[in-house]
Amino acid sequence: MAVLDRTRTHRATATATAAAGRRAAGPGIALAAVATLVWSGSFVAARALHDSVPPVQQAFWRWTVALLVVAPFTARGAWRRRAILRRHLGHCLLAALLGVTVYNTLVNQAALSTSAGNMGMIMAAAPVLMAALERLGGVRLGARRTTGMLIACAGVLLLIGTGSGATGFTAGDLWMLAAAASFAAYSALLRRRPAELAGPAFLFTSFALGTAMLLPACALSVAVQGTFTPTPATVGPLLYVGVLSSALAFLAWNKAVALVGAARAGAVYHLQPLCVAGLSYVLLGERPSWTQAACAVLVLGGVVLGTAAPGRAGHTGG
């Protein structure tokens, strides 16, 4: 009788867990879609600002705004954990340099000469670069992941070789490839992050250190290139990338991962190139070419085939 009762209890628990999972699936997928759409908009915003706000100044004001947004919720926790953060200062500095200072500046530099659609597709290959870094670290990838990497890389090389449709090859495509490599290195670093660094305190510290490292470059940019004129056309996109892309999307993504898991949320993120293409067409009038469509098939197919092992996916962003 006791064994029967335990079996019934186990079945009831499993049924309740499955039901809870189904209830969470809808909101979780929706939050992942919101984060992906918002991150896609950051490439469109960078392209919209390419002729009015210098790249370094874009990055500096983006993260200044983001820091002001998250500070009320994270600064106190960072102060309480200051001894831990000081102990791992080298890790924090490198993460901030790769994920905040360098990555976003390279994205903005790429936007000077390539389309938002190309930026989104090249960035979609970042998980493949992450896998390549894992291989350099001694991790065996297996035939499936290796094949996926090669297919996605072929798509990126074709995209760079043919350029943005009518404009041909642009230096911006190479800048964007460098940005994807920077983000891949940042993500690989996060996977080796000490457990005690996780949480809002690390987020605040990364934002603060990355912004501080951008300050000298921003001052030099102002001295050489001059400052930009604050207008709705410049302030609006900067507020978008600072508040939505750097704060809201991050919170939505983390909640989505908590509800449906990293693998299912990551599957939604693979739609980012399509979101970028749609937004750039509607907001910027950029028409995707057939070459871009073919490259998108190769990149997305390769990424889906060759990225994270079942049940795992890294944090993504834009």
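Rules and cut-offs
Residues numbered from 1 in each chain as written. Predicted model: local features only at pLDDT ≥ 70, side-chain atom pairs only at ≥ 80, totals over all residues. Heavy atoms only, no water. Helix = DSSP H or I, 4+ residues; strand = E, 2+ residues; numbered from the N terminus. Contact = heavy atoms within 4.5 Å. Areas by Shrake-Rupley, 256 points an atom, 1.4 Å probe, with all protein chains shown as cover. Axes fitted to C-alpha atoms, helices over the stretch in contact; angles between N-to-C directions. Parallel < 35°, antiparallel > 145°, perpendicular 65-115°, else oblique. Left-handed = near helix turned anticlockwise from the far one by under 90°. Core = buried A, V, L, I, M, F, W, Y, C linked by side-chain atoms within 4.5 Å. Buried < 20%, exposed > 50% of the residue type's maximum accessible area, 1.4 Å probe, protein only. Polar contact = N/O pair within 3.5 Å; in protein donor to acceptor, adjacent residues only side chain to side chain. Phe/Tyr/Trp six-rings, centres within 6.5 Å; stacked < 30°, edge-to-face > 60°. pLDDT = per-residue confidence, 0-100. Salt bridge = Lys/Arg side-chain N within 4 Å of Asp/Glu carboxyl O. Expected span 1.5 Å × (residues − 1). Arc of directions from axis to C-beta.

(A) Local environment of the overall build of the protein. When its secondary structure is counted, the protein shows 13 helices and zero strands. Taken from the N to the C terminus, the helices and strands of the protein come in the order α-α-α-α-α-α-α-α-α-α-α-α-α. Once local pairs closer than 6 in sequence are excluded, the contacts in the protein between residues at least 24 apart make up 90%. Roughly 15100 Å² of accessible area belongs to the protein as shown, and the carbon and sulfur atoms make up 70% of that amount.

(B) Seen up close, the packing of helix H4 (residues 89-110) against helix H9 (residues 200-225). Relative orientation of the contacting elements H4 and H9 amounts to 60 degrees, with a least axis distance of 8 Å. With respect to H9, the element H4 is oriented oblique. Pair H4 / H9 crosses with right-handed handedness. Residue-level inspection shows Leu89, His91, Cys92, Leu93, Ala95, Ala96, Leu97, Val100, Thr101 and Thr105 of H4 in contact with H9, the latter providing Phe202, Thr205, Ser206, Leu209, Gly210, Thr211, Met213 and Leu214.

(C) Layout of the environment of Ala152. Tracing the sequence through the fold places Ala152 in helix H7 (residues 142-162). Considered as a pair, Ala152 and Cys295 are 143 residues apart in the sequence and their alpha carbons are 8.5 Å apart.

(D) Structural context of the nonpolar core. Phe43, Tyr103, Val107, Met119, Met123, Met176 and Phe207 are the most contacted members of the largest nonpolar core, which has 54 residues in total. Met119 has contacts with Phe43, Ala46, Val107, Ala111, Thr114 and Met176, leaving out every residue within four places of it along the chain.

(E) Region of the structure containing the side chain of Thr101. Tracing the chain through its elements places Thr101 in helix H4. Of the polar contacts made by the side chain of Thr101, one reaches the backbone oxygen of Gly210; its length is 3.0 Å. Thr101 has contacts with Ala96, Gly210, Met213 and Leu214, leaving out every residue within four places of it along the chain.

(F) Spatial organisation of the packing of aromatic side chains. Enumeration according to the criterion identifies four aromatic pairs in this entry. Where Tyr103 meets Phe183, the ring centres are 5.2 Å apart and the plane angle is 45 degrees; that geometry is what we call tilted. Of this pair, Tyr103 sits in helix H4 while Phe183 is found in helix H8 (residues 171-191), placing the two residues 80 residues apart along the sequence. In this pair, the class of Tyr103 matches that of Phe183, namely buried.

(G) Local environment of the confidence of the model for the protein. For the protein, per-residue confidence averages 78 on the pLDDT scale, and 77% of positions sit at 70 or higher. Below a pLDDT of 50 lies the segment residues 16-21, which in the model reaches zero contacts outside its immediate sequence neighbourhood of four places, other chains included. In this model, residues 308-316 is a region of pLDDT below 50 whose contacts with residues beyond four sequence positions or in other chains number 19 contacts.

(H) Representation of the pattern of salt bridges. If you walk through the whole model with that rule in mind, you get one salt bridge. Glu196 is paired through a salt bridge with Arg87; the nearest N and O atoms lie 3.3 Å apart. Here Arg87 lies in helix H3 (residues 82-87) and Glu196 lies in the loop between H8 and H9, a separation of 109 residues in the sequence.

(I) Helix H12 (residues 272-284), seen in detail. Spanning 13 residues, H12 covers 17 Å between terminal C-alpha atoms, matching the ideal 18 Å at 1.5 Å per step. Among the residues of H12, Gln272, Pro273, Val276 and Ser280 are the ones counted as buried. Seen end-on, H12 carries its buried residues on one side only, within an arc spanning 95 degrees.

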